[in-house]
Amino acid sequence: MDLLRSFAIVVLTGSMLSGCFSGKDWRTASRESAGIAPDPSLTREAVLQVYGADAWGWRGWFAIHTWIAAKRTGESEYTVYDVVGWREYRGLPVMRIARDVPDRYWFGEKPRILREHRGPGVDDLIDAVDEAARAYPWKTIYKVFPGPNSNTFTAWIALRVPELELNLPLSAIGNGYASP
């Protein structure tokens, strides 16, 4: 009986541990557009979208990574507002504001829209998001837990721009770090 119990424990432990290793390689994981954001060459109206995607690897079982993408009325490209920890290892600020693909797969994980605003009045909302992002106090610091991290950044903006009407999910670990 003890041998059978030991065998069962080994099999269960092995199964759980094997799930920690997806076999995916972050260097080759998709970073292509998921085709969610409106094509800026066809969409004249202002668009602001908050995205979330499962975190890389086993962290994705319980956590997401969030970012914001915006396109003002008539613009032909999106501006992406995000925080990524690996930038710190390269001596770069972890916060980035840049023209980029708004709805990229997050290292193989398909993003989903957490909040979207489109049309009249959204240009003002984008201006408020841009101002809040530029005032983010942890531009060069990243800690997975308890923060500041990518979700802290998105929460920081949501707190300063309540018109976003953004409530991050519980899986946005680190969002409480930005609490007032």
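Definitions and cut-offs
Residues numbered from 1 in each chain as written. Predicted model: local features only at pLDDT ≥ 70, side-chain atom pairs only at ≥ 80, totals over all residues. Heavy atoms only, no water. Helix = DSSP H or I, 4+ residues; strand = E, 2+ residues; numbered from the N terminus. Buried < 20%, exposed > 50% of the residue type's maximum accessible area, 1.4 Å probe, protein only. Contact = heavy atoms within 4.5 Å. Areas by Shrake-Rupley, 256 points an atom, 1.4 Å probe, with all protein chains shown as cover. Pairing = 2+ DSSP bridges. Axes fitted to C-alpha atoms, helices over the stretch in contact; angles between N-to-C directions. Phe/Tyr/Trp six-rings, centres within 6.5 Å; stacked < 30°, edge-to-face > 60°. Lys NZ or Arg CZ within 6 Å of the ring centre and 35° of its normal. Expected span 1.5 Å × (residues − 1). Arc of directions from axis to C-beta.

A. Representation of the overall build of the chain. Within the chain one finds four helices and five strands. If you list the helices and strands of the chain from N to C, you get α-β-β-β-α-β-β-α-α. For the chain, the residues scored as buried account for 41% of the 180 residues in total. Within the chain, contacts between residues at least 6 apart in sequence are counted, and of these 63% link residues at least 24 apart. With the model as given, the accessible surface of the chain reaches about 10,200 Å², and the carbon-plus-sulfur share is 57%.

B. View of the environment of Ser-179. Here Ser-179 is to be found in the segment after helix H4 (150-160). It is 7.8 Å that separates the C-alpha atoms of Ser-179 and Leu-159, two residues lying 20 residues apart in sequence.

C. Representation of unusual backbone geometry within the structure. Looking along the chain, the bond that leaves Phe-145 and enters Pro-146 is cis, with omega of 5°. Tracing the backbone through its elements, the reader meets Pro-146 in the loop between helix H3 (122-134) and H4. Following Gly-147, the chain continues into Pro-148 via a peptide bond in cis, with omega recorded as 5°. Secondary-structure assignment places Pro-148 in the loop between H3 and H4. Positive phi values are uncommon outside glycine, yet Glu-165 reaches one of about 55°. As for its position among the elements, Glu-165 is in the segment after H4.

D. The sheet that holds strand E1 (residues 47-54), seen in detail. Taken in spatial order, the five strands line up as E4-E3-E2-E1-E5 in an open sheet, and their pairing is antiparallel. Edge positions in the sheet fall to strand E4 (95-99) and strand E5 (112-118), since each has one partner strand and no second. Ignoring which end each strand starts from, the neighbouring axes of this sheet average 15° apart. The pairing of strand E2 (residues 64-71) with strand E3 (residues 79-83) spans three bridges and is classified as antiparallel. Residue Ala-69 lies in a different strand from E3, and its bridge partner there is Val-80.

E. Summary view of the packing of aromatic side chains. Counted under the stated rule, the structure contains nine aromatic pairs. Residues Trp-67 and Trp-106 carry aromatic rings whose centres are separated by 6.2 Å and whose planes lie at 35° to one another, so their mutual orientation is tilted. Taken as a pair, Trp-67 in strand E2 and Trp-106 in the loop between E4 and E5 lie far apart in primary sequence, 39 residues in all. Across this residue pair, the class does not change: Trp-67 and Trp-106 are buried. The residue whose ring lies beneath Arg-87 is Trp-86, and the NZ or CZ to ring-centre distance is 5.7 Å.

F. Molecular detail of H3. In this model, H3 (13 residues) spans 18 Å end to end at C-alpha, consistent with the 18 Å of a helix rising 1.5 Å per residue. All of the buried residues along H3 are Val-122, Leu-125, Ile-126, Val-129, Asp-130, Ala-132 and Ala-133. Looking straight down H3, one finds that the buried residues subtend no more than 165° of arc, so they occupy a single side. Among the exposed residues of H3, those oriented more than 90 degrees off its buried face are Asp-124 and Glu-131. The inward-facing, buried residues of H3 abut E1, E2, E3, E4, E5 and H4.

It is worth stressing that arrangement in space is one thing and function is another; only the former is reported here.
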